[in-house]
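Structural description and commentary
In case you want the letters, here they are:
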Amino acid sequence: MAKITFVAEDEKFDVEATEGENLMKVARRGGVVIYAPCDGGGSCGRCKVKLTAGTLKSPKPFLLSDVDYEEGTRLACLSTVNGDCTIEVDC
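Here goes a summary of the coordinates provided. (Residues numbered from 1 in each chain as written. Predicted model: local features only at pLDDT ≥ 70, side-chain atom pairs only at ≥ 80, totals over all residues. Heavy atoms only, no water.)

Scanning the protein for helices and strands turns up two helices and five strands. Ordering the α and β elements of the protein from the N terminus gives β-β-α-β-α-β-β. Scaling as 2.2 N^0.38, a compact globule of 91 residues should have a C-alpha radius of gyration of about 12 Å, and the protein matches this with 12 Å. Principal axes of the C-alpha set define a box for the protein whose edges measure 30 × 25 × 25 Å. Residues classed as buried in the protein amount to 42% of the 91 residues present. A fraction of 56% describes how many contacts in the protein between residues 6 or more apart in sequence connect residues 24 or more apart. Carbon and sulfur atoms make up 46% of the accessible area of the protein, which totals about 5,200 Å². (Helix = DSSP H or I, 4+ residues; strand = E, 2+ residues; numbered from the N terminus. Rg over C-alpha atoms; globule rule 2.2 N^0.38 Å. Buried < 20%, exposed > 50% of the residue type's maximum accessible area, 1.4 Å probe, protein only. Contact = heavy atoms within 4.5 Å. Areas by Shrake-Rupley, 256 points an atom, 1.4 Å probe, with all protein chains shown as cover.)

Taken as a whole, this structure holds three salt bridges when the rule is applied. Residues K57 and E19 are paired through a salt bridge, measuring 4.0 Å at the closest nitrogen-oxygen approach. Within this pair, whereas K57 is found in strand β3 (residues 48-57), its partner E19 is found in the loop between β2 (11-17) and α1 (23-29), the two being separated by 38 residues in sequence. Accessibility expressed as a relative area gives 59% for E19, which makes it exposed. R29 is the salt-bridge partner of E21, the closest N and O atoms lying 2.3 Å from each other. Under the relative-accessibility criterion, R29 is labelled partly exposed at 46%. (Salt bridge = Lys/Arg side-chain N within 4 Å of Asp/Glu carboxyl O.)

Ranked by internal contacts, the top residues of the largest apolar core, which has 24 residues, are I4, F6, L23, I34, C47 and I87. Elements supplying a minimum of two residues to this core: β1 (2-8), β2, α1, β3 and β5 (80-89). Apart from the residues lying within four places of it in its own chain, the contact partners of F6 are E11, K12, F13, V15, L23, V26, A27, V32, I87 and V89. (Core = buried A, V, L, I, M, F, W, Y, C linked by side-chain atoms within 4.5 Å.)

If you trace the backbone, R74 turns up in strand β4 (residues 73-75). Taking the C-alpha atoms as reference, R74 lies 10 Å from R46; in sequence the two are 28 residues apart. In this view, R74 contacts C47, K48, V49, L51, L56, S58, L64, Y69 and S79; residues no more than four positions away in its chain are not counted. Separated by 2.7 Å, the side chain of R74 and the backbone oxygen of Y69 make a polar contact. (Polar contact = N/O pair within 3.5 Å; in protein donor to acceptor, adjacent residues only side chain to side chain.)

Note that every value here comes from positions in space, so none of it alone points to a role or purpose.
Structural data, given as structure tokens:
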């Protein structure tokens with residue numbers, strides 16, 4: 001099991017997840033709202049989050065610049081858990 005810590009404004013939400021689990025689904029299960037009008041299809045880019053600690057399995061989609069990706073921006077719908085991590089979420 002991995003501990004995913006979501007940071008939204010001044011609140012933190014810890015959610016347990018299994019390796020390979022989709023980050024968007026982990027957030028929803030933990031009551032963390034991540035806006036995704038395409039419902040997780042990877043086509044809108046609105047589910048941007050920032051990985052601030054740990055790692056995720058996450059491809060670099062065409063919707064993110066190289067700089068944003070290198071600075072930790074990820075799409076929650078395309079990311080999967082592979083260990084403990086901390087994620088910043090815009091609410």
